[in-house]
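Residue-level structure breakdown
Residue strings, one per chain:
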Amino acid sequence: MSFVVAIDGPAAAGKGTVSKAVAAHFGFAHLDTGLLYRVVGRVALEKVGPALDEAAVIALSTKVSEADLARDDLRTAAVAQAASKVAVIPEVRTALVEFQRKFAARAGGAVLDGRDIGTVICPNADVKLFVTASAEVRAQRRYQELADRGENTDFETVLEDVKARDARDSDRTVAPLSAASDAIRIDTSEMSIKDAIAAAIAAVDSKHG
Ligand code: DC
């Protein structure tokens, strides 16, 4: 039987870590749906160039496969921005719907994390969480992550990037970032990751008897 946990929220709120922990705890499969947009963004930067010509990007988005998600070049700041840009194109979103719904329907349970999982991709999910944090806290975490990886950047630039991505993800007309009305909100601004995971597991536990 399928059991779907939808976890949405802005960039760097901790939803990836929470999603992985929930999936591991319950033995569910996990899909980071941001990777789908990152693959399209990455390939578009390589093949189409930074102008991201719309028709070419749409054609690329129809070809994303599970193997692409394992690419090791999807986590850079440039790819994050490109992902956020291609994610605004309605045809790109439509091309990626089936992949996500198929994943959600797999037997044994699935956790999908992204921006529109509880609202558009899986509106009937068994549990919906909205994991968020202030822009400053998220930028600080992302800055640390990039610095640990040796990327040359500064906090102000990362904060600007986070805010630009928030604006683009929230203001787009198709499937904008927003909490489903029945989502449980977890604000991780002043929470340890351990507490955030515990809150998420408790929320899923209450529905997964
Ligand atoms: O979660 P992430 O940072 O890897 O996502 C990268 C971009 O992809 C994000 O800025 C917006 C887009 N995205 C989306 O529009 N819908 C999703 N379900 C997941 C990501």
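Below is a summary of the structure that appears in this document.

The rules we used
- Residues numbered from 1 in each chain as written.
- Predicted model: local features only at pLDDT ≥ 70, side-chain atom pairs only at ≥ 80, totals over all residues.
- Heavy atoms only, no water.
- Helix = DSSP H or I, 4+ residues; strand = E, 2+ residues; numbered from the N terminus.
- Buried < 20%, exposed > 50% of the residue type's maximum accessible area, 1.4 Å probe, protein only.
- Polar contact = N/O pair within 3.5 Å; in protein donor to acceptor, adjacent residues only side chain to side chain.
- Contact = heavy atoms within 4.5 Å.
- Phe/Tyr/Trp six-rings, centres within 6.5 Å; stacked < 30°, edge-to-face > 60°.
- Lys NZ or Arg CZ within 6 Å of the ring centre and 35° of its normal.
- Core = buried A, V, L, I, M, F, W, Y, C linked by side-chain atoms within 4.5 Å.
- Near = heavy atom within 4 Å.
- Areas by Shrake-Rupley, 256 points an atom, 1.4 Å probe, with all protein chains shown as cover.
- Pairing = 2+ DSSP bridges.
- Axes fitted to C-alpha atoms, helices over the stretch in contact; angles between N-to-C directions.
- Parallel < 35°, antiparallel > 145°, perpendicular 65-115°, else oblique.
- Left-handed = near helix turned anticlockwise from the far one by under 90°.
- Nonpolar A, V, L, I, M, F, W, Y, C, P; charged D, E, K, R; others polar.

Quick notes on the side chain of Gln81
In this fold, Gln81 is placed in helix H4 (residues 77-86). Owing to a relative accessible area of 14%, Gln81 belongs among the buried residues under this scheme. Among the polar contacts made by the side chain of Gln81, one reaches the side chain of Arg168 at a distance of 3.3 Å. Not counting residues up to four positions away in its chain, the partners in contact with Gln81 are Asp161, Arg165 and Arg168.

Description of the packing of aromatic side chains
Any pair of aromatic rings gets described here by the distance separating the centres and the angle formed by the planes. All told, the structure shown has two aromatic pairs when counted by the stated rule. Taken together through their ring pairs, the aromatic side chains of Phe3, Phe26 and Phe28 make up a single cluster. Geometry around Phe103 places Arg106 over its ring, the cationic atom sitting 3.9 Å from the centre.

Considering the nonpolar core
Ranked by internal contacts, the top residues of the largest apolar core, which has 32 residues, are Val57 and Leu69. Looking at this core, the elements with two or more residues in it are strand E1 (4-8), helix H2 (34-47), helix H3 (54-61), H4, helix H5 (90-104), strand E3 (110-114) and helix H6 (117-121). Among the elements that make up this core, the one with the highest residue count is H2 (seven residues). Apart from residues lying up to four places away in sequence, Leu69 is in contact with Leu31, Leu35, Leu36, Val39, Val64, Leu74 and Phe99. Membership of the second largest hydrophobic core comes to 21 residues, among which are Phe26, Phe28, Ala203 and Val204.

As for the site of the ligand
In the region of the ligand, 15 residues are neighbours, and Arg38, Arg93, Arg115, Arg165 and Arg172 sit closest. In this structure, a nitrogen atom belonging to the ligand sits 3.0 Å away from a side-chain N or O atom of Thr33. A distance of 2.8 Å separates an oxygen atom of the ligand from a polar side-chain atom of Arg93. Taking 450 Å² as the accessible area of the ligand by itself, protein coverage stands at 97%. Counting residues per element, the ones that place at least two in the shell around the ligand are H2, H4 and helix H8 (155-171). If you tally residues by element for the shell around the ligand, the top one is H2, at three residues.

What to know about unusual backbone geometry
A positive phi angle, close to 65 degrees, is found at Ala12, a residue other than glycine. Its location among the elements puts Ala12 in the loop between E1 and helix H1 (15-26). Of the residues examined, Ala12 reaches a relative accessible area of 13% and is grouped as buried. A positive phi angle is found at Leu52, which is not glycine, with a value near 50 degrees. Residue placement: Leu52 occurs in the loop between H2 and H3.

Comments concerning the pairing of E3
With respect to burial, E3 is a largely interior element, five of its five residues being buried. What you see with E3 is no split at all: Ala110, Leu112 and Gly114 on one side and Val111 and Asp113 on the other are buried throughout. Bridging between E1 and E3 involves five bridges; their strand directions are parallel. Of the residues in E3, the one forming a bridge with Ala6 is Leu112. Where strand E2 (residues 29-32) and E3 come together, four bridges link them in parallel fashion. Residue pairing in the sheet places His30 in a bridge with Val111 of E3.

Here's the deal with the packing of H2 against H5
Running from N to C, H2 and H5 cross one another at 135 degrees; their axes reach a closest spacing of 11 Å. Classified by the angle their axes make, H2 and H5 are oblique. Crossing handedness for the pair H2 and H5: right-handed. Contacts from Leu36, Tyr37 and Val40 in H2 reach Val92, Arg93, Leu96, Phe99 and Gln100 in H5. Split into classes, the residues belonging to the contact of H2 with H5 amount to six nonpolar, one polar and one charged.

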